[in-house]
Every structure is written in C-alpha cells, then in structure tokens.
Amino acid sequence: NTSKSFISSRPSQPKVWRGAALKKLGHLIRYNRTTDVDTDYYGYINDCNNFGADICLSIHRNSFNGSASGYESCIYANTGRTKILADALNAGMAAIGFENRGSKIRPDLAVLNSTTMDALLAEVGFIDNPADNALFANRYNDIVKCIANGILKALGLSQTAGNTTPSKPAEPNKTPVKKDLGHYG
C-alpha cells in the first residue's frame with residue numbers, strides 16, 4: 001500500500017520541496033505548482049483532496065521584521081497524524097538549530113480547514129532573518145531529511161530518509177552575504 005503526500009510550495013524554492021527523499025522510498029508525491037506562477041488557491045486544495053493524499057504539507061518561509069526567528073508548525077488541531085507530524089518537525093528543526101516556535105492552532109487557514117486529510121503548514125525559518133537563512137542554506141540536506149522523516153513517522157512507517165547531523169555550535173556573527181532571494185508572497 002503506497003502512501004501519498006501532497007506538497008505545496010514554489011518550485012523556485014530549493015529541491016527540499018520536490019520530495020525526492022520520499023520518492024526514493026516509493027511514495028507518491030504530488031505538487032500544486034510546476035511554475036512560479038500563483039495558482040488558484042481553492043483549485044489546489046481541490047486537487048489535493050481529489051488526489052487522495054494521506055498528508056498535505058504546505059511549506060513556507062516566514063517573514064516579520066528581520067528580528068523574529070525559528071520554525072513553527074501551523075495546524076488545524078493538535079490530534080492524530082497532524083500532531084505526530086508537527087511534533088516530529090518541531091523537534092527535528094530544533095535539533096537542526098532553528099528556534100522551536102512550536103505548533104500554532106490556525107483553523108482560519110484554508111489549506112488546513114478545507115483539505116480532507118491531515119494537513120500542516122510548515123514555516124521553515126524567517127526569510128528576512130540572516131541567521132535563519134544561513135541555517136537554511138547550511139543545513140539544507142538535514143531539513144530535507146527532517147521533513148521526509150516527519151511524514152514517514154506520521155504515516156506510521158518504519159522507513160527513514162536518513163539521520164540528520166547534530167546541530168553545530170553557533171559561529172560568531174559575520175556580515176551575511178546578501179543574495180537575491182526573489183519575490184516571495
């Protein structure tokens with residue numbers, strides 16, 4: 001019995017969102033976008049529901065004022081597979097080095113209240129925080145494994161996408177090199 005996951009994210013974001021770690025293990029992955037053009041939001045939710053996914057994961061980078069930082073899981077309710085996935089991602093991202101902002105109950109988000117399966121919106125660091133961006137870039141492979149392992153755990157599967165490396169001690173503050181991250185919104 002093959003599991004199905006529906007992943008929502010912009011294709012221009014790194015391949016973490018492409019689900020290769022899960023595909024290698026034989027899982028079916030479906031994405032809501034193949035280009036960087038915004039899609040009809042409710043159309044993508046209907047597509048997710050019609051696909052019959054076991055889990056819907058919407059992956060984002062947060063933004064606030066340059067001083068906020070960390071990872072958080074936005075969920076409709078802290079129960080079932082959603083709780084297992086949120087707990088795994090919160091702990092895994094903290095082990096990678098992100099501040100653990102915990103799970104936020106967000107019944108107002110359409111991706112959480114209109115999908116027919118367990119769903120989670122992951123905010124993987126703050127895109128306007130240099131330290132979170134450095135962590136995202138330097139620990140990218142660990143983020144990929146953390147997300148894949150969280151999904152596998154939530155589905156009750158014993159498979160693994162591999163271990164993440166322990167968090168490294170923080171480096172002294174350096175002037176970050178600015179990169180063009182493109183438009184996100």
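Chemist: If you had to explain the environment of serine 58 to someone new, which residues and values would you point to?
Modeler: The residue serine 58 is located in strand S3 (residues 55-62) in this model. For serine 58, a relative accessible area of 1% corresponds to the buried category. A distance of 2.8 Å separates a polar atom in the side chain of serine 58 from a polar atom in the side chain of histidine 60.

Chemist: How would you sum up helix H2 (residues 41-51)? Please name residues and give values.
Modeler: Structural remark: α-helix, 3.6 residues per turn; residues separated by three or four positions point the same way. Listed in full, the buried residues belonging to H2 are Tyr44, Ile45, Cys48, Asn49 and Phe51. One side of H2 holds all its buried residues, which, seen down the axis, span an arc of 165 degrees. Two residues or fewer past H2, glycine 52 is found with a positive phi of approximately 75 degrees.

Chemist: Describe the pattern of salt bridges, and please don't skip the residues or the numbers.
Modeler: Applying the stated criterion to the full structure yields four salt bridges. The closest approach of N and O atoms between arginine 139 and aspartate 142, which form a salt bridge, is 2.8 Å. For the pair shown, arginine 139 and aspartate 142 are each scored as buried.

Chemist: Can you tell me about the nonpolar core, naming the residues and giving the values?
Modeler: One finds Met93, Leu120 and Val124 to be the most contacted residues of the largest nonpolar core, which totals 31 residues. Looking at this core, the element that brings in the most residues is helix H6 (residues 140-154), giving nine residues.

Chemist: Requested: an account of the packing of aromatic side chains, with residues and values cited.
Modeler: For the structure shown, the criterion picks out zero aromatic pairs. The aromatic ring of phenylalanine 136 is capped on one face by arginine 61, whose charged end is 4.1 Å from the ring centroid.

Chemist: Break down the packing of helix H3 (residues 80-96) against H6 for me, citing the residues and quoting the values.
Modeler: Between H3 and H6, whose axes approach to 8 Å, the crossing angle comes to 155 degrees. Regarding the angle of H3 to H6, the classification is roughly antiparallel. The two elements H3 and H6 meet at a crossing, and its hand is right-handed. Residue-level contacts link Arg81, Ile84, Leu85, Ala88, Leu89, Gly92, Met93 and Ile96 of H3 to Asp142, Ile143, Cys146, Ile147, Gly150, Ile151, Lys153 and Ala154 of H6.

Chemist: Go over the side chain of threonine 115 with me, naming the residues and quoting the values.
Modeler: By the secondary structure assignment, threonine 115 is in the loop between helix H4 (110-113) and strand S6 (118-126). A residue is classified by how much of its surface remains accessible, and threonine 115, at 12% relative accessible area, is buried. A polar contact of 2.9 Å, which involves the side chain of threonine 115, links it to the backbone oxygen of valine 111.

Chemist: Report on H6, specifying residues and quantitative values.
Modeler: Taking 1.5 Å per residue as the helical rise, H6 with its 15 residues ought to reach 21 Å, and the 21 Å between its terminal C-alpha atoms agrees with that figure. Of all 15 residues that make up H6, 11 are buried, and the element is covered over most of its length. When H6 is considered as a whole, its buried residues turn out to be Tyr140, Asp142, Ile143, Val144, Cys146, Ile147, Ala148, Gly150, Ile151, Leu152 and Ala154. The first or second residue beyond H6 is glycine 156, which carries a positive phi of 75 degrees.

Cut-offs and rules
Residues numbered from 1 in each chain as written. Predicted model: local features only at pLDDT ≥ 70, side-chain atom pairs only at ≥ 80, totals over all residues. Heavy atoms only, no water. Helix = DSSP H or I, 4+ residues; strand = E, 2+ residues; numbered from the N terminus. Buried < 20%, exposed > 50% of the residue type's maximum accessible area, 1.4 Å probe, protein only. Polar contact = N/O pair within 3.5 Å; in protein donor to acceptor, adjacent residues only side chain to side chain. Arc of directions from axis to C-beta. Salt bridge = Lys/Arg side-chain N within 4 Å of Asp/Glu carboxyl O. Core = buried A, V, L, I, M, F, W, Y, C linked by side-chain atoms within 4.5 Å. Phe/Tyr/Trp six-rings, centres within 6.5 Å; stacked < 30°, edge-to-face > 60°. Lys NZ or Arg CZ within 6 Å of the ring centre and 35° of its normal. Axes fitted to C-alpha atoms, helices over the stretch in contact; angles between N-to-C directions. Parallel < 35°, antiparallel > 145°, perpendicular 65-115°, else oblique. Left-handed = near helix turned anticlockwise from the far one by under 90°. Contact = heavy atoms within 4.5 Å. Expected span 1.5 Å × (residues − 1).

That is the geometry; function is a separate question.
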